Amino acid sequence: SAVISQKPSRDICQRGTSLTIQCQVDSQVTMMFWYRQQPGQSLTLIATANQGSEATYESGFVIDKFPISRPNLTFSTLTVSNMSPEDSSIYLCSVESAGVGPDTQYFGPGTRLTVL
Amino acid sequence: AQKVTQAQTEISVVEKEDVTLDCVYETRDTTYYLFWYKQPPSGELVFLIRRNSFDEQNEISGRYSWNFQKSTSSFNFTITASQVVDSAVYFCALSEAGGYQKVTFGIGTKLQVIP
């Protein structure tokens, strides 16, 4: 299994500012992902954080708005840049745990972001 | 473009009843993955299953079972003898790229199990 922590757990920010969310995993994992869940909505994958190379962004998401770092196999950050109220969401970090047995995906507790 | 439809937005059942959550998908790819996730009222997201398009065998895990039918493009989820702890929003998802990328989620089905 994998235990994931995220910081901060929640924040209230002013429009135009940026927030960096940290994701720490208690074991080395190959695949790390960032998702967004807007209020009352379903989930959307933002990007895959790749260790040692640029993140892979899903359609509709760009590096300038959501820069991602992945300095090692246990840590990643997602920055929400130049925020607007539309960025108010829960941001979730996730990892794939692959090994003996079926592949499993684990999620962090989420970062609840409110942009005023 | 890929699409996932969860037509049931909310379902209520009485405890111990069986319940099936429907998921219908659209894709042009022959290789794809299907997922189910659970999000209890506490908010944490729980991965339930990932199934690739070449494996049409039904899956059973305790009280949970999944019925994958390519002929109808459906990947339905059944909870047997439901319990209050099953109350949650359940999301079905589809990935055309394989793995977890390029994934499309359904809007979710909110299940309420009444004691």
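We now turn to the structure provided with this report. (Residues numbered from 1 in each chain as written. Chains lettered and ligands numbered in written order. Predicted model: local features only at pLDDT ≥ 70, side-chain atom pairs only at ≥ 80, totals over all residues. Heavy atoms only, no water.)

## Describing the overall build of chain A
Here is step 1: Looking only at helices and strands, chain A has zero helices and eleven strands in total.
Here is step 2: When the elements of chain A are put in sequence order from the N terminus, they spell out β-β-β-β-β-β-β-β-β-β-β.
Here is step 3: At 14 Å, chain A has a C-alpha radius of gyration in line with the 13 Å of a compact globule built from 116 residues.
Here is step 4: For the C-alpha atoms alone, the extent of chain A along its principal axes is close to 45 × 30 × 25 Å.
Here is step 5: Each of the 116 residues in chain A was classed as buried or not, and the buried ones make up 49%.
Here is step 6: Sequence-distant contacts in chain A: of pairs separated by 6 or more residues, those separated by 24 or more amount to 54%.
Here is step 7: Surface accessibility of chain A: about 5600 Å² in total, with carbon and sulfur atoms responsible for 49%.
Here is step 8: Placing the 7 positive and 9 negative side-chain charges of chain A at their respective mean positions leaves the two points 10 Å apart. (Helix = DSSP H or I, 4+ residues; strand = E, 2+ residues; numbered from the N terminus. Rg over C-alpha atoms; globule rule 2.2 N^0.38 Å. Buried < 20%, exposed > 50% of the residue type's maximum accessible area, 1.4 Å probe, protein only. Contact = heavy atoms within 4.5 Å. Areas by Shrake-Rupley, 256 points an atom, 1.4 Å probe, with all protein chains shown as cover. Lys, Arg positive; Asp, Glu negative; His and termini not counted. Charge placed at Lys NZ, Arg CZ, Asp CG, Glu CD.)

## A look at the interface of chain A and chain B
Here is step 1: Listed per partner, the contact involves 16 residues of chain A and 13 residues of chain B.
Here is step 2: Looking only at chain A, the three residues that lose the most surface to chain B are Leu43(A), Gln105(A) and Phe107(A), adding up to 33% of its buried area.
Here is step 3: Along the contact surface separating chain A from chain B lie one salt bridge.
Here is step 4: For Arg50(B), the salt bridge is made with Glu96(A), and the minimal N-O distance between the two is 3.9 Å.
Here is step 5: Counting the contacts that link chain A with chain B gives five residue pairs in polar contact (both at pLDDT 80 or more).
Here is step 6: Of all the elements in the fold, those that place two or more residues in the side of chain A that touches chain B are β4 (32-37), β5 (43-49), β9 (89-97) and β10 (104-107) of chain A. (Buried area = accessible area lost by both parts, 1.4 Å probe. Salt bridge = Lys/Arg side-chain N within 4 Å of Asp/Glu carboxyl O. Polar contact = N/O pair within 3.5 Å; in protein donor to acceptor, adjacent residues only side chain to side chain.)

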